[in-house]
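Reading the structure
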Amino acid sequence: MSGYGRSNFTWNGTLRELQTSSPASCKERARPAMAASASSSGVEVLLSNLQNLGDIESTLNILNVLDELLSAGTDRRIHYMISKGGSEALLTAMVKSARSFNPNYTLLLPLLHLLAKVGYRDRRIGMKAQNADAVRLTLSLLRQNSKHPRRAAACLWVLQVYCSSVSTANLLGECRAIDVIYRLICPYTTKTLHTIKAAIDALAALLCTKANVHSAVSKGYVAGLLRLYEDWSSKDTEHVAIAIRCALLRCLHEVTNSTAGRHALVAHGGIGLLYEVTQTCLFTKGLESLVDPSVQLMRKCYPKSTLPLKSDLSVYCLELPRQPGSVPAPEPELNGEEDSEEEDDEEDDSNESEEADSKDYDDDLETDPDKLRSRPAPDRPPELLAQYSRLRPELTYEFQELDSSSSEPEDCSSSSSDEEVQSSAEDASRLKPSDFNSCPTFRTKGRDAREQREEEGAEEGAEEAQRRRTMVDTLAERHIGAGIPHHDRRLYRAAAVLAKSIPGFNILAFPDFWGHLPPPGNEPMPPRKPKVQRQKVFEDIQRLLNPDDVINEVVFDLEDPSPQCSSERSNSLKFFSKFESGNLRKATQVRRNEYDLILNADANCSQHTQWFYFEVSNMVANVPYRFNVINCEKTNSQFNYGMQPVLYSVREALEGRPHWKRTGTEICYYRNHFCAARGKKRSTFYTLTFTVTFRHNDDVCYLAYHYPYTYSALQSHLMVLHRSVDPSKVFFRQQVLCQTLSGNPCPLVTITACPATRGMRDLHQFRSRPCIVLTARVHPGESNASWVMKGTLEFLCSDDPVAQSLREAFVFKIIPMLNPDGVINGTHRCSLSGEDLNRQWCKPDPVLSPTIYHAKGFLYYLNSTGSTPLVFCDYHGHSRKKNVFLYGCSIKETLWQSGSDTGGLKEDPGYRTIPKTLDRLAPAFSFNSCNYQVEKSRSATARVVVWREIGVLRSYTMESTYNGCDQGIYKGLQTGTRELQDMGVKFCHSLLSVRRNVPSLYSSRRLVDHIDLDHNSHNCFEDDEPPCVEEIEYSTDGLSKLKGSDLDSDINGNTSSGDEQEEEEEVVVHKGFNPIRRCEGQSHQSSLRSRLFPHLIGHDLEVIEVLHMKRNSCNGVGITGRQYLS
Ligand SMILES: [Zn+2]
C-alpha cells in the first residue's frame, strides 16, 4: 500500500515516541489484555482498556489499532464496534480526558477524530453523547479552541455527528452552538479551509430542527449565509473551495426549510444572486456540482402563487339527482402556506390510475383467507335481475331469416325492438350538416346547437343551409370518410348531435369528425435532452427576476369568452376546447412564444387534472412555442421517460395526412411553485412542459394527452360495424345498458356467430355458448383503452377465421364505454358525480353510478342463470408504466406475497392462461408486469368484485401504456393507435386458449394444485422507471448529491497534514483540501486506508489476527491479516 512509506501519522510527537519504543513492549501491553478475557472479542478488550484510560502511550496504541481496523474493510467493522459499545467507550474516554485540568490534545485530537468517524455511522450517537454528558463538553471544547483550527475542526465534526439526533441538535441550539459555529464561518480566505468547511457542515447539521432553523432565521443568518456564498463564489476564482461553496448551499437549503427562511432568502435577493452565480457555474468545468443544488434551492424558495383561477372547482358542474340545487362543497380552506416539512403530497390513493403504485403495498394486500375466499351476499334482491334478460337477445331470437335465402340487414336490426339506438342516430344523420360545425373557423357563435335544432329542425331552408355551408362540409361530402376504415363522417356528426354535454357543445373537433389514420412508420421515444428541466426552470425563474418581460395575458378562458376576442387580431396563439372530450380551462400568454395552460378539473370536482385536448391556431410556422400545463397532479409522469403528447394538423389532414402524431421537444415534468386557487386540499402542482414547432402558418392544430376517442366516435363506429357485418353469419346487437347521469345511452354490444341452421342442435349450441364480458373506458382520460377496444370490436366483427371460431365458441357481451359522460365532458378520472366509477363496484348507486349498477346487475343476472362469464376484462390505460399487462386475482399469490400460510390451499391456476398466451402472441404485452394480488384498496374495482362476487376466475384489468414499450419488438417505440388496436386483436386471439368448457371459480370441484407459481414475478405496484435524471421534487430532500459521506476524507485531511504547528497552520488549499466528492463510486475506505500505522502492523500481527477471527465470525468480512501487508 502506498501509504506505508509515508509518515502520515500525525499527532504531535507521538509518532516519534512510538517509533522509538520497543516493538516488544507494544506487544506485551496488548497481550495481557487478550489473555485476561479470552471470551471477549479483541474489540471489546480494546474498548474496555480505552475507557480505563491508562497512560497516554497505551491509549494511543489502542486508538491506533482501532483506527487501523476500522480503516480497512467495510462499514461493517465500524457497526460491529458500535454494537460492542464502541461509541460509549469513545465518549467516555473523550469526556475523561477533556475534563482533566489541562486536556492533552495529543490524546484528545485522535479521540475526537475516531469519535467522529464512528459516530457518523451510529444513528444513536446523539443520545449516547447526551447520556455521557459529552454534548456541552464538546461545545465548550470548541469554544476554548476556536483559535486552534485543527482542534476546532475535530470538535465541529463531533458536534456534526451528534446532530443526527434531533433532541441533541436542539440541546446544542439551546446552548447557542449556532452562534458559536456561525462565527467560525469567515469570508473568503485561503487558510484553515478544513475548519471553515467543518463549521459550515456542523451548522447545516444543527439546522435539522425547526427550533434551530427558527433561531438562525430570526438572527438574520440567511442574509449572512447569502453574503458568504456570494463572497466565496466571487473570490474563489481558482475554484479550490468548491466544497465550501457546496456546504454553504447545503446550509441555505436547511435554513429555508421554513416559510420564514424562504421569505428571508427571497427578501435578500437570494434568487437573483443564486441565479447569477449559477449562470457562471454552468460553463465552468468543475463547478457543475454547484448547479443542481442551486437550482433546487431556487425552485424551493420561488414564492408560491395561487393558480390564476377563481375556484379549483371544475367549470363544468351538473346538478346531481337527490341533491337538488347543490354542487359538491368546495374543499375546506386551509392555511395559505405551510412549512415544507408539512407539505406532504397527500396523493389520495384513489387518484391514481387503476392499480398504480401503492406505497404501502404490503399492508394493502388482503391477508384474510376468509375474505379472499368468501363470497359476499348480492347487493340487491334477486327479483331486480329479471330486467336484464332483455340484454340477452340471442336467447330469444328466432333466426327465421335462416329459412329464407335472403338476408337483409334491416331484418336483423329491426328485430330486437327495445332501445336500439341506430334508428335515432340514423335519423339524426339526415339532419343538415350545418347543424353541427366542425371547424373553428366556421363555428356557430352564441347559440346552443340543440336550441338551433329545435328551431330549425330538418325543415331548414335550402338557402339557409347553403349560406352556412362550409368548406369542411363540402369536403366532408366529397369524401365521406374516404380512406379511413370504419369511419363515416356523416354518422360521426349525427352521433355528435345527440351526445349530451354539460356545456352543450355545438362544435366538433376536426380530428374526431375527419378521422385518424396511424401515421406510416414508427414513432420512437425521443431521448431526453440533457439538463432540459434545469433549462426550463431557469426560464421560469427569469419570470420572477424580469417581471417586465412577462406578458401575462389571458388568451383563452372557458369561463369568460371575452379575452379570446381581444386576441383575435393579436399575434398570440388562439386556443379552444369547447368540444367533446376537450379539456383546457385557461391559456395565458406568458412570453412571446410561451403559454401557461390550466386544465379543467373533472366535472363537479376540483381535481384529477391530467387529460387535455384542445385546439390551437393562429400560429407562425417554424417558431418553437413552449406550452406549460401548470396544474398537473401526479408526482411523476411518463413525459419524463420518452412520452410525447399527440398533435393533429387540419392542414395536413386536408392534404391527405389525417394523422395524430407524437409531437413535442424539450419535454419534462417537474414540481412547480403553484398552489390551489381556493381551498388548500392540494398544495402541490406539477408542470408538464413541451415545445411544439408547427409546420404551417395559420394552421388549425389539436394537441392532446393521448389519441382522443370520443363517445360520438364510439357511437358512429358501432353503427359502421353493424352495417359491416354479414347478418347471416354474425349476430351483432347494440342495446342500451342504461342511461347515464346526463342522459346519454351507455351501449352494450352482443357479438356472436349466428347458428348454422335453425335446427335444434345448432340452436342449442348457439344458446349454450359461454359468455365473455369486456368493458372499457371507465376512466375517461384513458383513451388508449378505447383504441384497444376498437381493435377488439373490429376483429370480432371481421371475416378472420379466428374471429369466426371465437364467435362460434362464445357470446361476447361488450360495454365499450362505461363512462360516456366523463368522456364527453373531457374529464380524466371520474363520472359526473365526481366519483371514480371503478371504486363503486361493491355497492354501486343506481342513480349516481348507473352504468356500474347495471353492468354489475347484468353480471349478477348471467350468474343467476348459470351463465357466469368465462372471462371478464376491463380495459384501462396506465400513465406510469410502459407496455401492456394484466392484473388478475389469485388467493394463493396474494397470501404468498403477504407472507401468509398457503399450505393446503388449492387454486385453479387457469387465471394464468390468458396472460401466458398473450406473452407469446402480443409484442406489446409484458408478462413480468402482470400481477394477481388482491389489494384492499382495489376491493371495489371491477376486476376484484367480478372475481369475488360473480365468481369469474379469469377476471382482469388490462392496462395499456400511454407511452410505449421497453421490451420486445416495440422496444423504444411509442405506441400508436395501430399497436393499441392490435393489442385488442391479440387479446381476442388469447381467448382461444380458454375455448373449452373451463370451470368457473365456484362451480369447480376439480381444483388443480398450483404448481407454476412464479415467485419471482415483479412487484408491479412500484414505478417501473428508475428515478428521473433530474429531481422532479424539491421539497423532499432532493439534495442527495450534497449529502456525500465526505466526513472521513475531511477528517483524514485534518490528520494527514504534515504541519504540526497548528497555530501557524497555513493550509495549502491545492493539496490539503479535499474538494467535494464528485465521483459517486469512490468509497470512503480508500481514503481511510491511507491512514495505516506501519509501526504496529509489523509487530502486532497477532493482535490483529485475533481481531480478524472475531470479526470474520460476526460479520463475514473475509480479509486476512496478510492483506494489511500487501
Ligand atoms: Zn384506469
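Above this text sits the structure in question.
Computed from a prediction, not measured in an experiment: that's the story for all the values here.

**Thoughts on the overall build of the chain**
A count of helices and strands for the chain gives 47 helices and 20 strands. When each of the 1126 residues of the chain is scored for burial, the buried share is 62%. Once local pairs closer than 6 in sequence are excluded, the contacts in the chain between residues at least 24 apart make up 81%. Carbon and sulfur atoms make up 51% of the accessible area of the chain, which amounts to about 42,800 Å² in all.

**Let's talk about the packing of helix α3 (residues 42–52) against helix α6 (residues 86–99)**
In the contact formed by α3 and α6, the axes pass within 8 Å of each other and the chain directions differ by 20°. Judged by the angle between their axes, α3 and α6 are roughly parallel. Viewed along their axes, α3 and α6 form a crossing whose handedness is left-handed. On α6, the residues that touch Leu-47, Leu-50, Gln-51 and Asn-52 of α3 are Gly-86, Glu-88, Ala-89, Leu-90, Thr-92, Ala-93 and Lys-96.

**Some details on helix α15 (residues 221–235)**
Helix length check: α15, at 15 residues, gives a terminal C-alpha distance of 21 Å against a target of 21 Å (1.5 Å per residue), a fit within 8%. Within α15, 11 of the 15 residues are buried, which leaves it mostly tucked inside the rest of the structure.

**With respect to the side chain of Ser-314**
Among the structural elements, Ser-314 can be located in the loop between β1 (305–306) and α20 (361–364). A polar contact of 3.0 Å, which involves the side chain of Ser-314, links it to the backbone oxygen of Ala-601. With residues up to four places along the chain from it excluded, the contact list for Ser-314 reads Arg-585, Asn-600, Ala-601, Asp-602, Ala-603, Asn-604 and Cys-605.

**Quick notes on the coordination of the zinc ion**
Protein coordination of the zinc ion is provided by His-779 (ND1), Glu-782 (OE), Glu-782 (OE) and His-876 (ND1), with donor distances spanning 2.1 to 2.2 Å. Around the zinc ion sit four donor atoms, and with donor-metal-donor angles ranging over 60 to 152° the site reads as irregular. Every donor residue of the zinc ion comes from the same chain, spaced as H-x2-E-x93-H. In this pair, Glu-782 sits in the loop between β16 (771–776) and α35 (783–796) while His-876 sits in strand β18 (residues 871–878), placing the two residues 94 residues apart along the sequence. For His-876, a relative accessible area of 0% translates into the label buried.

Criteria and thresholds
Residues numbered from 1 in each chain as written. Predicted model: local features only at pLDDT ≥ 70, side-chain atom pairs only at ≥ 80, totals over all residues. Heavy atoms only, no water. Helix = DSSP H or I, 4+ residues; strand = E, 2+ residues; numbered from the N terminus. Buried < 20%, exposed > 50% of the residue type's maximum accessible area, 1.4 Å probe, protein only. Contact = heavy atoms within 4.5 Å. Areas by Shrake-Rupley, 256 points an atom, 1.4 Å probe, with all protein chains shown as cover. Axes fitted to C-alpha atoms, helices over the stretch in contact; angles between N-to-C directions. Parallel < 35°, antiparallel > 145°, perpendicular 65-115°, else oblique. Left-handed = near helix turned anticlockwise from the far one by under 90°. Expected span 1.5 Å × (residues − 1). Polar contact = N/O pair within 3.5 Å; in protein donor to acceptor, adjacent residues only side chain to side chain. Donors = N, O, S within 2.8 Å, 3.2 Å for Na, K, Ca; no water. Tetrahedral: all angles 85-135°; square planar, octahedral: opposite > 155°, others 65-115°.

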